[in-house]
Structure formats: C-alpha cells, structure tokens
Amino acid sequence: MIERKLLAGLDIGGSKVLAVAVDTGTPDGRARVVESVRLNTGLGPEGVVDTAARALTALARKLAARFDGRLDADPDGRLDNGAPALPRQLFSGVGIGIPGLVDAARGRITHAVNLGVGPGGLALAELLGRRLDLPVVVENDVNAAALGAASHLRLGRVDMAYLSIGTGIAAGIVLDGELRRGPHNAAGEIGHIPVDSAGPLCSCGQRGCLESVASGSAIAARWSTREGSDLPSGQDLFDAAAAGDLAARALRDEVADSLAAGVRMLALTVDVDLIVLGGGVAEIGEPLRHAVAKALDRQAAGSDFLRGLDLAARLTVVPRDQPVAAIGAALLAIDPPLSQIDPDAELVPGVLAGDLPA
Ligand SMILES: [Zn+2]
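Keep in mind that what you see is a predicted model, and the values were worked out from it rather than measured.

Participant: Explain the sheet that holds strand β11 (residues 274-278) to me, using residue names and the numbers behind them.
Facilitator: Picture the strands of a sheet paired through backbone hydrogen bonds; they go either parallel or antiparallel. Pairing within the open sheet is mixed, and its 5 strands lie in the order β10-β9-β8-β11-β12. This sheet does not close on itself; its edge strands, each paired only once, are β10 (178-179) and β12 (315-317). Where strand β9 (residues 169-175) meets β10, 2 bridges bridge the pair, whose relative direction is antiparallel. Looking across to β10, one finds that leucine 175 is bridged to glutamate 178.

Structural data, given as structure tokens:
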C-alpha cells in the first residue's frame with residue numbers, strides 16, 4: 001500500500017506536454033514535484049487526449065518503479081472498465097493547464113490554434129476522465145501557472161497577478177487566493193491592449209498590442225531584424241545588451257518599457273500586492289526583473305502618484321526550475337479528492353485558500 005495518493009498536473013503546450021506528480025503532504029507545506037515526464041504533443045482533439053493519457057500512464061509507471069512492491073495493482077493491469085489500473089491507484093485527481101479558450105466549469109477547450117483544436121472544441125475533462133477513470137479538471141495554462149506561482153511563493157490569500165511573457169502575453173489574476181476568470185474567461189488578456197499606436201499590426205487585428213511589441217516572438221522578430229540571425233531569444237537580447245551592444249540595450253529598454261506598461265495596467269486595475277513575471281521570456285530571471293523595475297522607476301520619475309505606488313518593489317520573477325503551470329494545474333485537482341483521502345492535512349485547502357503557515 002502507498003501512504004497517500006498524489007496529484008497529477010499536466011502542462012499541455014503546442015510542442016511539448018509536461019506531466020508532473022505533485023505531493024502536497026510535504027512537511028514544509030509546499031507542493032513538491034516528485035516525478036515528471038515530458039512527451040511531444042499530438043495535435044488535433046484526438047491527439048491531445050491521447051498524449052495526455054500516454055503522459056499520465058508513463059508518469060504512473062515511473063512512480064510505480066519507485067513504489068516497487070508496495071502497490072496493490074499489477075502495473076500492466078486494467079480496471080473493469082478498461083482503464084489502466086496504475087494511474088487510478090497513484091493519483092487522486094488530474095489537473096490540466098492548456099492554452100486556448102477554456103471553460104473550466106465544463107472542462108472544455110476551444111480555439112487552441114497551436115493544438116489543432118478549433119471552434120468545434122474538445123471535451124477534454126470528460127474524454128480523458130473516462131479513459132483513465134479519474135476526475136479531471138481543465139484550466140487555461142496562464143491561470144494554472146498563476147496558481148502554481150502563488151502556491152510556490154506561499155502567498156495564501158494575497159492579491160497577485162502573474163504576467164506570462166511567452167509566445168504571447170497574458171496575465172493570470174488571483175484575488176484573495178482565488179482565480180479571477182471573468183464571465184467570458186477573458187480576465188487578464190492584457191496582451192491585446194494596445195501600448196503603441198504606431199506599433200506593428202497584431203494577429204488580433206489591432207495595432208501595437210502589448211504582445212506584438214514585447215512577447216518572446218516579438219522580441220525574436222525585432223532583434224533578428226537588427227542582428228540578421230534567425231529567431232534569437234529574449235536571453236540572446238539581454239546577453240547582447242549586457243555585453244555592451246548599444247542597439248541591444250536600446251531594444252531591451254524598449255521591451256522593458258512595454259512590459260512595465262503591462263505591470264502598471266495590472267497594478268492600477270486590480271491593485272495587486274505582487275506581480276510575478278513568468279513564461280519563457282522570464283527564464284532570463286533577475287536581469288529581466290531588474291530591467292522592468294528600472295522601467296517602472298523611469299515611468300514614475302515625473303509622477304508623485306506612480307512613485308507612491310512603488311510598483312518596482314512589487315515585482316518578482318518566477319524561479320526558473322519551477323514548472324508552475326503543471327503544479328498549479330495539479331493543485332486545481334485537489335478539491336474534493338485529496339480532502340477525502342487525508343482530512344487532517346491542514347494545508348490541503350490552504351494551498352489555494354491561504355491558510356499556509358508562514
Ligand atoms: Zn492584439
């Protein structure tokens with residue numbers, strides 16, 4: 001027998017799926033990844049469900065090897081309904097973070113263009129849940145990452161925003177420890193707020209959207225034009241700037257100015273305590289936080305109002321080694337399965353609701 005079940009979290013991206021097994025019963029109360037598996041993403045509705053099922057089965061097998069001799073089920077066994085026995089024995093629930101328009105209440109996604117899921121949509125929670133005989137919850141990947149970051153930083157009932165700077169830009173907003181999705185699931189979609197009326201045309205049809213000037217793809221396009229190389233990353237830009245390249249410094253500061261505008265929008269709209277920078281571009285780490293903080297200070301220089309809000313001090317960057325989207329997705333699967341397994345674990349509701357010890 002195993003002592004307690006784990007939560008499974010999936011971060012489904014356009015090219016890779018990361019599956020993690022999360023233990024929430026750790027002594028320090030912090031959700032901890034105990035095993036992980038990465039697979040290439042299969043596309044289309046069938047491909048997405050199939051990849052998710054294979055990732056979870058592979059994750060369960062990796063864990064089973066460690067629980068050797070303490071499992072009830074035959075690792076290759078099947079339940080009466082045909083589902084593999086292992087995931088059900090190891091996981092109490094599955095949470096999925098996925099791009100696109102997510103109807104979290106129904107576990108459905110639509111318009112996940114990079115995954116080949118169109119307006120017809122995909123009933124992901126239902127299809128995967130039936131295949132594995134497990135409860136499955138589905139959430140937008142940025143929202144899941146926001147919860148994962150809040151949990152990792154042990155923020156409890158705080159108001160925070162997670163600004164995801166990747167291929168696109170979007171924010172996840174957590175108010176009083178709970179996700180704010182909005183009635184149209186569009187809360188935090190600040191990537192499509194125009195910040196430069198003379199900026200490039202955005203895929204959404206507007207001009208100069210935040211994500212068309214400061215996302216990872218925008219940085220790659222803007223820096224490769226100047227460098228002549230193909231598809232550099234934000235890290236390449238920051239490296240060149242740190243090495244003294246004047247054009248790189250100018251572009252880095254422009255990007256930081258645009259991101260600072262995004263931070264200002266979030267802070268002035270929902271007055272959050274903390275803004276966490278995440279997504280692929282945030283793998284730059286502290287130099288990115290520093291550049292955006294400096295931009296915030298520059299923008300506040302002539303405004304007593306902005307200076308008084310001290311936005312630079314509310315900025316942080318997600319730790320590079322933390323798969324926050326997968327962790328946050330797993331934590332969304334807590335209620336009710338985990339509470340039924342271990343009603344005495346104080347931290348179980350606390351991870352999301354905020355009763356964590358300091
Ligand atoms: Zn746009």
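Participant: Can you lay out helix α8 (residues 246-270) for me, pointing to particular residues and giving the numbers?
Facilitator: Over its 25 residues, α8 extends 36 Å from the first C-alpha to the last, a length consistent with the 36 Å expected when each residue adds 1.5 Å. Of the residues that open α8, the one with a side-chain oxygen 2.9 Å from the backbone nitrogen of alanine 247 is aspartate 245. Phi turns positive one or two residues past the end of α8, at aspartate 271, with a value near 45°.

Participant: Any chance you could break down the nonpolar core for me, citing the residues and the numbers?
Facilitator: Leu163, Leu277, Leu288 and Val292 are the most contacted members of the largest nonpolar core, which has 43 residues in total. The element contributing the most residues to this core is α8, with 9 residues. Ignoring any residue separated from it by four or fewer positions in sequence, one finds leucine 163 in contact with Ile169, Ala170, Ala171, Ile190, Leu259, Val263, Leu266, Val276, Leu277 and Gly278. Core analysis: the second largest hydrophobic core is formed by 40 residues, Ala21, Val34, Leu59 and Leu132 among them.

Participant: So what about the packing of helix α1 (residues 44-66) against helix α3 (residues 124-132)? Which residues, and what values?
Facilitator: Their axes nearest at 10 Å, the elements α1 and α3 cross at an angle of 45°. Taken together, the axis directions place α1 and α3 in an arrangement best described as oblique. Considering how the two elements wind past one another, α1 and α3 form a crossing that is right-handed. Packed against α1, whose contacting residues are Glu46, Val48, Val49, Asp50, Ala52, Ala53, Leu56 and Thr57, the element α3 presents Leu124, Leu127, Leu128, Arg131 and Leu132 at the interface. The residue inventory of the contact of α1 with α3, partitioned by class, reads 9 nonpolar, 1 polar and 3 charged.

Participant: Before we move on, can you summarise helix α9 (residues 286-300) with the specific residues and values?
Facilitator: For α9, spanning 15 residues, the distance from its first C-alpha to its last is 21 Å, which sits close to the expected 21 Å at 1.5 Å a residue. Restricting attention to buried positions, one finds in α9 the residues Leu288, Arg289, Ala291, Val292, Ala293, Ala295, Leu296 and Ala300. Taken together, the buried residues of α9 touch β8 (160-165), α7 (234-242), α8, β11, α10 (304-309) and β12.

Participant: If you had to explain the coordination of the zinc ion to someone new, which residues and values would you point to?
Facilitator: Around the zinc ion, the donor atoms from the protein are His192 (ND1), Cys202 (SG), Cys204 (SG) and Cys209 (SG), and they sit 2.1 to 2.3 Å away. Classification of the site at the zinc ion rests on its 4 donor atoms, whose angles at the metal span 104 to 124°, yielding the label tetrahedral. If you list the donors of the zinc ion from N- to C-terminus, the spacing comes out as H-x9-C-x1-C-x4-C. Taken together, the positions of histidine 192 in the loop between β10 and α5 (210-214) and cysteine 202 in the loop between β10 and α5 put the pair 10 residues apart, joining distant regions of the chain.

Participant: Outline the confidence of the model for the chain, listing residues and values.
Facilitator: In this model, the chain carries an average pLDDT of 87, and 89% of its residues clear a pLDDT of 70 or more. The model gives residues 336-358 a pLDDT under 50, and that stretch makes 32 contacts with residues more than four places away or in other chains.

Participant: Please set out the pattern of salt bridges residue by residue, giving values where relevant.
Facilitator: Scanning the entire structure with this criterion turns up 16 salt bridges. Taking the shortest distance from any N to any O, the salt bridge between arginine 131 and glutamate 46 comes out at 3.8 Å. Highlighted residues: arginine 131 in helix α3 and glutamate 46 in helix α1, separated in sequence by 85 residues. Here arginine 131 falls in the partly exposed class, since its relative accessible area comes to 32%. A salt bridge links arginine 181 to glutamate 139; the shortest N-O distance between them is 2.6 Å. With arginine 181 in the loop between β10 and α5 and glutamate 139 in strand β7 (residues 136-140), the pair connects residues that are 42 residues apart, well separated along the chain. Exposure remark for glutamate 139: the relative accessible area of 3% places this residue in the buried category. Counted as one network, the salt bridges with shared partners bring together Glu46, Asp50, Arg54 and Arg131.

Participant: Before we move on, could you go through unusual backbone geometry and cite the residues and values that matter?
Facilitator: For aspartate 271, which is not a glycine, the phi torsion comes out positive at approximately 45°. Note that aspartate 271 resides in the loop between α8 and β11. Even without being a glycine, aspartate 310 presents a positive backbone phi close to 45°.

Calculation rules
Residues numbered from 1 in each chain as written. Predicted model: local features only at pLDDT ≥ 70, side-chain atom pairs only at ≥ 80, totals over all residues. Heavy atoms only, no water. Pairing = 2+ DSSP bridges. Helix = DSSP H or I, 4+ residues; strand = E, 2+ residues; numbered from the N terminus. Expected span 1.5 Å × (residues − 1). Polar contact = N/O pair within 3.5 Å; in protein donor to acceptor, adjacent residues only side chain to side chain. Core = buried A, V, L, I, M, F, W, Y, C linked by side-chain atoms within 4.5 Å. Buried < 20%, exposed > 50% of the residue type's maximum accessible area, 1.4 Å probe, protein only. Contact = heavy atoms within 4.5 Å. Axes fitted to C-alpha atoms, helices over the stretch in contact; angles between N-to-C directions. Parallel < 35°, antiparallel > 145°, perpendicular 65-115°, else oblique. Left-handed = near helix turned anticlockwise from the far one by under 90°. Nonpolar A, V, L, I, M, F, W, Y, C, P; charged D, E, K, R; others polar. Donors = N, O, S within 2.8 Å, 3.2 Å for Na, K, Ca; no water. Tetrahedral: all angles 85-135°; square planar, octahedral: opposite > 155°, others 65-115°. pLDDT = per-residue confidence, 0-100. Salt bridge = Lys/Arg side-chain N within 4 Å of Asp/Glu carboxyl O.

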